[in-house]
Amino acid sequence: MTAATVDLALGTEMYDLASRLFPICRSITGDGVRRTLDILSEIVPFQRHELATGTAVLDWEIPSEWNISDAYIADKTGKRIIDFRDSNLHVLNYSTPIRAILPFAELKEHIFTLPEQPDLIPYRTSYYQANWGFCMSHRQLLQLEDIGGDFEVVIDSRLEPGHLTWAEYVHPGATSDEIVLSTHVCHPSLANDNCSGLALLTLFARELRKRKTRFTYRFLVIPGTIGSLTWLSLNQERTASIKAGLVLTGVGDPSARTYKKSRRGTAIIDRAFAHVFRHSTEQGKIIDFIPYGYDERQFCSPGFNLPFGLFQRGQFATYPEYHTSADNLSFISGDRLADSYATIRDALDIIDRDRFLLNLHPKGEPQLGRRGIYTKIGGVADAWRSNLAMLWVLNLSDGTHSLLDIAERAGLPFGIIHAAAEMLEEAALVAPSPEAGRLDPA
Ligand code: ZN
């Protein structure tokens, strides 16, 4: 593994993909999700899945499918004051249909604003409770109040029996043990949460298609909460083979990286991210598991307790742009997307390459000079550290320490330990231990 290499061209490509997804009005079901998956499937051959309204999934049920074609609030002259075509955040997501002339006092009961952030439109949903509503800036609400009188109120939406839609892509590895990456596809025009995650996950899947990996990688593009519940409900048997999982969302904003640990707290994915953060020049924050956040809540529910962490930049629900119209395309950048991508790739590379080796000459140090190893290292830029790494690998390769254990004990980056191990294996000084494959003792 090489240390985090940030690929800015890739960052631009992720930004462009996020920009393409941004205008689509998505929800937990409906054509917005399908259109989004169509775009992602141009890049990676995702497999589409659907489950019908009314189907039981764990303690839940697939809801009605929601679709919307138009919505507005117009004044007496027919002029649209609030227009869904300007921003799909203007409609309460999953809103029931309405077509009525209403006095301001009555309309006001169905309007959501952020008085503290008077220029921003909030993003609100009402999935499991039938309601209609409009979201707007507080200034727009005051404008409606000024106009007063009656308004024409139209939400041209449909809530009908249909399907929940999601997508999966599986990259087969040398083993059928899996690493799962998951991201949500249910938010409308919000750039960081989560067009950024959709773009990163898809382009990472594209990269893995070209690589040989030890683990099998499963990529999930699912509606938040109900999507992970559905997937878990249908794949309960498969969960035993999941060795690591990552929910990724909000990966393009300017904040420093945040990694939220799995419920287990000591899973290999928790250790891999801690390791990457420790050896990076970029800032990062590790937070303990809490049962609040994104789909890791379902993957880490006690009946599954899967080793799933969450990678994001700004912590959900804490940054001022969160779930508002300020989470737009100027809030994310290719540079931050590229940094998130490199961080995630490096952490997963550690998991993919971590293994147990056995020193074949454990009695005394083997004579390295005779095998030409010092000469090889002489050519390496950071010769002293490579040398030290080699001595650590020889000393701790007793079948009970993995390469990540050794890297942590040595205080050296995994990449240097891994490179030393490869060199020693080539010289037949170490060999795979029978412990190989024993991962994630948690
Ligand atoms: Zn969200």
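Here the structure is a predicted model, which means the values were calculated and not measured. (Residues numbered from 1 in each chain as written. Predicted model: local features only at pLDDT ≥ 70, side-chain atom pairs only at ≥ 80, totals over all residues. Heavy atoms only, no water.)

1. A word on the layout of surface pockets
- Considered as a void within the structure, the largest pocket measures approximately 520 Å³ in volume.
- Lining the largest pocket are 22 residues, and of these Tyr-127, His-187, Thr-225, Gly-293 and Arg-297 lie nearest its centre.
- Class assignment of the residues belonging to the lining of the largest pocket gives a composition of 11 nonpolar, eight polar and three charged.
- No fewer than three residues from each of domain 1 (3–63 + 163–353) and domain 2 (66–160) sit in the lining of the largest pocket. (1 Å grid on protein atoms, 1.4 Å probe; cavity = no way out; pocket = protein on both sides within 12 Å on 5 of 7 lines; lining within 4 Å. Points joined across faces, edges and corners; volume = space filled by probe spheres on them. Nonpolar A, V, L, I, M, F, W, Y, C, P; charged D, E, K, R; others polar. Domains from an automatic or database assignment.)

2. A closer look at the coordination of the zinc ion
- Distances from the zinc ion to its protein donors, His-187 (NE2), Asp-193 (OD) and His-323 (NE2), fall within 2.1 Å.
- For the zinc ion, the donor residues sit on a single chain with the sequence spacing H-x5-D-x129-H. On the criterion of sequence distance, the pair formed by Asp-193 in helix H5 (residues 191–209) and His-323 in the loop between strand E16 (308–312) and helix H9 (334–353) is long-range, its members being 130 residues apart. Each member of the pair Asp-193 and His-323 is classed as buried. (Donors = N, O, S within 2.8 Å, 3.2 Å for Na, K, Ca; no water. Helix = DSSP H or I, 4+ residues; strand = E, 2+ residues; numbered from the N terminus. Buried < 20%, exposed > 50% of the residue type's maximum accessible area, 1.4 Å probe, protein only.)

3. Points about helix H12 (residues 403–410)
- Within H12, the full set of buried residues consists of Leu-403, Leu-404, Ile-406, Ala-407 and Ala-410. Along the long axis of H12, the arc covered by the buried residues comes to 160°, so they all point the same way.
- Contacts from the buried residues of H12 go to helix H7 (268–278), H9, strand E17 (356–359), helix H11 (383–396), strand E18 (398–402) and helix H13 (414–426). (Arc of directions from axis to C-beta. Contact = heavy atoms within 4.5 Å.)

4. Section: the sheet that holds strand E4 (residues 65–74)
- Read from one edge to the other, the open sheet built from four strands follows the order E5-E4-E9-E6, with strand pairing classed as antiparallel. The open sheet terminates on both sides in strands that have one partner only, identified here as strand E5 (80–83) and strand E6 (98–103). For this sheet, the mean angle separating the axes of adjacent strands, direction not counted, is 20°.
- Those strands touched by helix H4 (residues 138–147) are E4, E5 and strand E9 (150–160), and its axis lies near 150° from that of E5. (Pairing = 2+ DSSP bridges. Axes fitted to C-alpha atoms, helices over the stretch in contact; angles between N-to-C directions.)

5. What about the environment of Ile-101?
- Inspection of the secondary structure puts Ile-101 in strand E6.
- We classify Ile-101 as exposed; its relative accessible area is 57%.
- Taking the C-alpha atoms as reference points, Ile-101 and Asp-150, separated by 49 residues in sequence, lie 6.3 Å from one another.
- Ile-101 has contacts with Asp-150, Phe-151 and Glu-152, leaving out every residue within four places of it along the chain.

6. So, the nonpolar core
- Leu-181 and Phe-219 are the most contacted members of the largest nonpolar core, which has 76 residues in total.
- Per-element accounting of this core gives the leading share, 10 residues, to H5.
- Counting only domains with at least three residues in this core, you end up with domain 1 (3–63 + 163–353) and domain 3 (356–437).
- The contacts of Leu-181, once residues within four sequence positions are left out, are Leu-201, Phe-204, Tyr-217, Arg-218, Phe-219, Leu-220, Leu-246, Leu-248, Ile-344 and Leu-348.
- Membership of the second largest hydrophobic core comes to 55 residues, among which are Ile-73, Leu-107, Phe-151 and Tyr-322. (Core = buried A, V, L, I, M, F, W, Y, C linked by side-chain atoms within 4.5 Å.)

7. Quick notes on the state of the cysteines
- For the coordinates displayed, the defined rule picks out zero disulfides.
- Its sulfur unpaired, Cys-25 is 11 Å from the next cysteine sulfur, which belongs to Cys-135.
- Just so you know, Cys-186 is unpaired, no disulfide at all, and the nearest cysteine sulfur is the one on Cys-195, 11 Å from it. (Disulfide = S-S within 2.5 Å.)

8. With respect to the sheet that holds E17
- The strand order across the open sheet formed by three strands is E18-E17-E19, and the pairing between neighbours is antiparallel. Two strands lie at the open edges of the sheet, namely E18 and strand E19 (430–432), each paired on one side alone. Taken pair by pair, the neighbouring strands of this sheet meet at an average axis angle of 40°, ignoring direction.

9. A closer look at unusual backbone geometry
- Put simply, Asp-193 and Asn-194 share a cis peptide bond, and its omega is 20°.
- As for its position among the elements, Asn-194 is in helix H5.
- You will see that Leu-58, though not glycine, has its phi angle at about 50°, which is positive.
- Examined against the element boundaries, Leu-58 turns out to sit in the loop between strand E2 (56–57) and strand E3 (60–61).
- Of note, Ala-317 is a non-glycine position whose phi angle comes to about 65°, a positive value.

10. Side note on the pattern of salt bridges
- Counting across every chain of the model gives 27 salt bridges.
- The salt bridge partner of Glu-42 is Arg-20, with a shortest N-O separation of 3.0 Å. Highlighted residues: Glu-42 in the loop between helix H2 (31–41) and strand E1 (47–52) and Arg-20 in helix H1 (residues 8–21), separated in sequence by 22 residues.
- With its nearest N and O atoms 2.8 Å apart, the salt bridge here joins Glu-178 to Arg-218. Taken together, the positions of Glu-178 in strand E11 (residues 178–184) and Arg-218 in strand E12 (residues 216–222) put the pair 40 residues apart, joining distant regions of the chain. (Salt bridge = Lys/Arg side-chain N within 4 Å of Asp/Glu carboxyl O.)

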